[in-house]
Amino acid sequence: MAELKRIQWDPSLATGYSIVDTQHQVFIQRIDSFLDKCTREGVSAKELDDAFSFLFEYAETHFSTEEDLMRRAGYSGHETHTQNHKYLLDQLNRVHDEWQDEGPGMNQLLQMNYLLVDWLRNHIMQMDKKMAQSVRESLPE
Ligand SMILES: [Fe+2]
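Presented here is an overview of the structure given in this document. The structure presented is a predicted model; accordingly, all values stated were derived computationally and were not measured.

A word on the overall build of the protein. Along its length, the protein carries 4 helices and 0 strands. Traced from its N-terminal end to its C-terminal end, the protein shows the element sequence α-α-α-α. Its C-alpha atoms give the protein principal-axis dimensions of about 50 × 25 × 20 Å. When each of the 141 residues of the protein is scored for burial, the buried share is 22%. By sequence separation, contacts in the protein at least 24 residues apart represent 73% of the contacts at least 6 residues apart.

In C-alpha cells, the structure reads:
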C-alpha cells in the first residue's frame, strides 16, 4: 500500500473565525480517517467508498458554510473562492469516478492525497485566512 502524506489540524491552520476553524477540524478528522483506510491492508472497497462519501458530504457542508458567510459579509473575493471550492469537489469526484470499477490505483491515491493534503492546506493558509479576516469585520462572532 502507498505511503500517503497525512494532515492534522494545528494552530498554524487557524483562521481566527471559530465556526470555520471548528469545521476545518472536523473536515480534517474525516480526511485523516479516509487516508488511514487508504493505507490499511484488508479494507473493503465498500468501507473505502463510505469513508470517501463521509468526507465528501462534509466538504460540501463546510464549503456552503463559508460561501454563506462570504455572501452575507459581501466579501469581494466570494466568487473566486467559491470557484476554488468547486474545483476541489470536481477533482475529488473525478478521481473517485476513476476508481469506481477497479478500486483506487496508485495514481488515484496520489492524486487524492495531493487534493486532500496539499491543496487543502494551501487553500486554508491563503484563501480561508484572508476570507476570515475580512468576514470578521462585517460579521463579528
Ligand atoms: Fe474555503
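Attention now goes to helix 1 (residues 18-39). Compared with the 32 Å implied by 1.5 Å per residue over 22 residues, the 32 Å span of helix 1 between its first and last C-alpha is a close match. Those residues of helix 1 that sit buried are Val-20, His-24, Phe-27, Ile-28, Arg-30, Ile-31, Phe-34, Leu-35 and Cys-38. Buried residues in helix 1, looked at end-on, bunch into an arc of 165°, giving them a common side. Contacts made by the buried residues of helix 1 are with helix 2 (45-73) and helix 4 (106-138).

What follows concerns the packing of helix 1 against helix 2. Close contact between helix 1 and helix 2 brings their axes to 9 Å; oriented N to C, the two are set at 165°. Classified by the angle between their axes, helix 1 and helix 2 sit roughly antiparallel to one another. Two packed elements cross with a definite hand, and for helix 1 against helix 2 that hand is left-handed. The residues of helix 2 that touch helix 1, namely those facing Ile-19, Val-20, Gln-23, Val-26, Phe-27, Arg-30, Ile-31, Ser-33, Phe-34, Lys-37 and Cys-38, are Glu-47, Leu-48, Ala-51, Phe-52, Phe-54, Leu-55, Tyr-58, Ala-59, His-62, Thr-65 and Glu-66. For the contact of helix 1 with helix 2, the per-class residue count stands at 14 nonpolar, 4 polar and 4 charged.

As a further point, take the environment of Ser-12. Among the secondary structure elements, Ser-12 is positioned in the segment before helix 1. By the C-beta count within 10 Å, which is 8 here, Ser-12 ends up exposed. Distance from Ser-12 to Gln-126, taken between C-alpha atoms, is 12 Å for residues 114 residues apart in sequence.

Geometry of a packed helix pair, given as the angle between the helix axes and the separation of the axes. Interaxial distance between helix 2 and helix 3 (residues 78-98) falls to 10 Å at its minimum, and their mutual angle equals 170°. Between helix 2 and helix 3, the angle is such that the two are roughly antiparallel. For the pair helix 2 and helix 3, the contacting residues are Phe-52, Phe-56, Ala-59, Glu-60, Phe-63, Glu-67, Met-70 and Arg-71 in the first and His-78, His-81, Thr-82, His-85, Leu-88, Leu-89, Leu-92 and His-96 in the second. Tallied by class, the residues present in the contact of helix 2 with helix 3 amount to 8 nonpolar, 5 polar and 3 charged.

Grouped together as the largest cluster of nonpolar side chains are 15 residues, with contacts concentrated most on Ile-31, Phe-34, Leu-35 and Leu-116. Looking at this core, the elements with two or more residues in it are helix 1, helix 2 and helix 4. A per-element tally of this core places helix 1 first, with 6 residues. Apart from residues lying up to four places away in sequence, Ile-31 is in contact with Ile-7, Leu-55 and Leu-116. Counting 8 residues, the second-largest nonpolar core is a separate cluster that includes Tyr-17, Leu-69, Met-70 and Tyr-75.

So, about the environment of Val-20. Mapped onto the fold, Val-20 is located in helix 1. Residue classification places Val-20 among the buried residues on the basis of 23 C-beta atoms within 10 Å. Sequence-wise, Val-20 and Tyr-75 are 55 residues apart; in three dimensions their C-alpha atoms are separated by 15 Å. Not counting residues up to four positions away in its chain, the partners in contact with Val-20 are Thr-15, Glu-66, Asp-128 and Ala-132.

Cut-off values and rules
- Residues numbered from 1 in each chain as written.
- Predicted model: local features only at pLDDT ≥ 70, side-chain atom pairs only at ≥ 80, totals over all residues.
- Helix = DSSP H or I, 4+ residues; strand = E, 2+ residues; numbered from the N terminus.
- Buried ≥ 20, exposed ≤ 12 C-beta atoms within 10 Å, placed from the backbone.
- Contact = placed C-beta atoms within 7 Å.
- Expected span 1.5 Å × (residues − 1).
- Arc of directions from axis to C-beta.
- Axes fitted to C-alpha atoms, helices over the stretch in contact; angles between N-to-C directions.
- Parallel < 35°, antiparallel > 145°, perpendicular 65-115°, else oblique.
- Left-handed = near helix turned anticlockwise from the far one by under 90°.
- Nonpolar A, V, L, I, M, F, W, Y, C, P; charged D, E, K, R; others polar.
- Core = buried A, V, L, I, M, F, W, Y, C linked by C-beta atoms within 7 Å.

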